[in-house]
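Chain by chain, the residues:
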Amino acid sequence: MDLSGYWKGERHNRKSNKNSFKTFINFKKTRNMKEYLLVFRSAAGDDAVRTPEEMSKNMESWKNWIGGIAQQGKFIGGQPLMAEGRVLSSASHITDAPFAEGKEVVNGYLLVNAANYDEAVSLSKACPIFEDKGTVEVCEVAKMDM
Amino acid sequence: MPNTAHNDHVLQTIATVTRAESGKLVSVLTRIFGPHNLVMAEDAVQDVLLKAIENWQEHGLPDNPRAWLYRATRNRAIDIVRKNRRQQTFATDINTLLDSEYTAATTLNDCFRETEIRDDQLRMMFACCHPSIGREGQIALILKTLSGLTVAQIARAFIVKPEAIEKRLYRARLAFRDNNATLEIPGGTALLQRLDNVLETIYLLFNEAHSTSYQDSLTRDDLAQDCIRLCSLLTEHVATSLPQTNALLALLCFHTARLASRVDKQGDLQLMQYQDRSLWDRELIEKGVWHLERAATGENISRYHIEAAIAYEHCKAASYEETDWRSILYYYDLLTRLMPTPVVLLNRAIAVKELEGPQAALDEIKKIPGIDFLQNYYLLHAILGELLSQTGKKESAISHYEKAMQMAVSSAERKFIQQKLNDAKK
């Protein structure tokens, strides 16, 4: 997260810079937090049956959910993923997806800040993946200190 | 192969749509990319406009050129965001959302909503008028970014070389980038201060456009309309639609309504007493009255209030003879109390002349403190020449007309004074 803008904003106009100020305060609170990966899975080939209206409604839900997390300063990053992929079970054994219709596939991830599992799970409760009967897997990022 | 007439039509439409929309597009993109990326926003809009020209000349005009431009700009924006988001930060409040594909497209779409576009232009106006940017820079930047004028057009408007405008813009962009952390309408006490600054810039820009030094009457009308458009935006927003904003807009409307009659068919300047009042834009005068009424609240009377009231007295009079000079003199007295500058007092003297004759006006002018500051102002000498010739002092009148001649900037002004000079010599 880039905060240079916040400091510049404060110098000139702290009051009217409510949004970045709020994000900044929330970001400060996250300093002692842990990082969690949220992995989304749903049945392959689900997108194809959506109408454009349903598509845009769905995108809107994702934006609102992630926007809410971002406003609390807890959003680190994340991307949706295409349904197809490649699976390597060894360096020489590579399977081309598309995966079989109906099979659960990873279709996106999010990296967030949270105090503990309880909070990470509670952030995940509003995830739009449930509209698609998908699942969220929440994992804490491991610190590989020696 | 498109024929030439068709091509002309396409080019004309492109010119019109481009002038009308480019300021909005630059504002929206600056809001998205952040003020530190102003140049990126300007370049992106330039790309889109070039693409539009190419595409429309080849395939003909789209049904809705405006919608076409917005779609193309939005697509260009998402390309730029995707290409640069790892190396670059955009507007601080949406930067994280632009980072993720989950949220980038919807966030961008929200930025292209009609109300957002309108507010972005206001935010852009405040950013361009940041006090750290010099006055000339503010004006050049507004014309370049919000009015969609080219450097060559701005240079022509201010009768300077394009390189001088480039230099002004360069410095202004640096200050713009360094002093605007986000694109926003200031809140609280900062709003009033910054709004004053914005209003003053629009006022000066208008004066510049309105000045008779202007060679190019087409640009002059355009610039006047731009000032009205920018000021109208301010009156449409609840935070900025204050009495002084409405007063300024009224003033702009009254002056612009009379533009058409200021020069006659030969392109010669016309004094107000000889102007064809049927050419005045009644609709614009009505708009002015509407805003003047809205300005009449609150406790403070600004210079815009008083100047609008004076301009309205002129618009209201059916003929020059029916002008209510007593009211005008009263307003000038108010204005003198607010800002006793030599120019205001000189204008006041003209009202005195209409009420008490040329000798009284001459006496008033003699009494103006600091009148020496106006020695290089061609209008002072033109007025003195007129007053002196009316009181029978032919020799002095001629000498003042000759001084005015030397100081006049435009050929229209010189022609006007030459005429006076010839009359005086008769």
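Residues numbered from 1 in each chain as written. Chains lettered and ligands numbered in written order. Predicted model: local features only at pLDDT ≥ 70, side-chain atom pairs only at ≥ 80, totals over all residues. Heavy atoms only, no water.

### Notes on the domain arrangement of chain B
- You can read the domains of chain B as domain 1 (1–112), domain 2 (324–371) and domain 3 (375–426).
- Computed over C-alpha atoms, the centres of domain 1 of chain B and domain 3 of chain B are 52 Å apart. (Domains from an automatic or database assignment.)

### Digging into the environment of L362 of chain B
Residues and elements named next belong to chain B.
- With respect to the element layout, L362 can be found in helix α17 (residues 358–367).
- Residue class for L362 comes out buried when judged on its relative accessible area of 7%.
- What L362 contacts, discounting residues up to four positions off in sequence, is L384, L387, L388 and T391. (Helix = DSSP H or I, 4+ residues; strand = E, 2+ residues; numbered from the N terminus. Buried < 20%, exposed > 50% of the residue type's maximum accessible area, 1.4 Å probe, protein only. Contact = heavy atoms within 4.5 Å.)

### Here we look at helix α18 (residues 378–390) of chain B
Residue and element names in this part refer to chain B.
- Here α18 is 13 residues long and its end C-alpha atoms lie 18 Å apart, about the 18 Å a rise of 1.5 Å per residue gives.
- The element α18 is largely enclosed, with a buried count of ten among its 13 residues.
- Those residues of α18 not exposed but buried are Y378, L380, H381, A382, I383, L384, G385, E386, L387 and L388.
- The elements touched by buried residues of α18 are α16 (342–356), α17, α19 (394–407) and α20 (411–425). (Expected span 1.5 Å × (residues − 1).)

### Points about the confidence of the model for chain A
- Overall, the predicted model of chain A reaches an average pLDDT of 79, with 73% of residues at or above 70.
- Note that pLDDT drops below 50 for residues 1–18 of chain A; the model gives that stretch 35 contacts with residues more than four away or on any other chain. (pLDDT = per-residue confidence, 0-100.)

### Here we look at a nonpolar patch on the surface
All names here are of chain A.
- Side chains of L81, V106 and Y109 sit close together on the surface and give an oily, nonpolar patch of about 220 Å² of accessible area.
- Following the sequence through the fold, L81 ends up in the loop between β2 (75–80) and β3 (86–88).
- L81 gets classed as partly exposed once you look at its relative accessible area, which sits at 40%. (Patch = residues over 30% accessible without salt bridge, like charges linked within 9 Å, V, L, I, M, F, W, Y side chains within 5 Å. Areas by Shrake-Rupley, 256 points an atom, 1.4 Å probe, with all protein chains shown as cover. Salt bridge = Lys/Arg side-chain N within 4 Å of Asp/Glu carboxyl O.)

### Notes on the pairing of strand β1 (residues 34–43) of chain A
Residues and elements named next belong to chain A.
- Looking at chain direction, β1 and strand β5 (residues 104–114) are connected through ten bridges and run antiparallel. When the sheet's bridge partners are listed, F40 is paired in β5 with G108.
- Note that β1 and strand β6 (residues 135–140) share six bridges and pair antiparallel. If you follow V39 over to β6, its bridge partner there is E137. (Pairing = 2+ DSSP bridges.)

### A word on the packing of aromatic side chains
- By the definition in use, this model includes twelve aromatic pairs over all chains.
- Ring geometry for W62 of chain A against W65 of chain A: centres 5.8 Å apart, planes inclined by 70°, an arrangement best described as edge-to-face. One end of the pair, W62 of chain A, and the other, W65 of chain A, are both in helix α3 (residues 52–71), three residues apart, so they sit about a helical turn from each other. Each of the two residues, W62 of chain A as well as W65 of chain A, counts as buried.
- By the ring-pair criterion, three or more aromatic residues cluster together here, those being F40, W62 and W65 of chain A together with Y102 of chain B.
- Over the aromatic face of W280 of chain B sits the side chain of R258 of chain B, whose NZ or CZ is 5.8 Å from the ring centroid.
- Across from the ring centre of W290 of chain B, 3.5 Å away, lies the NZ or CZ of R294 of chain B, which sits over that ring. (Phe/Tyr/Trp six-rings, centres within 6.5 Å; stacked < 30°, edge-to-face > 60°. Lys NZ or Arg CZ within 6 Å of the ring centre and 35° of its normal.)

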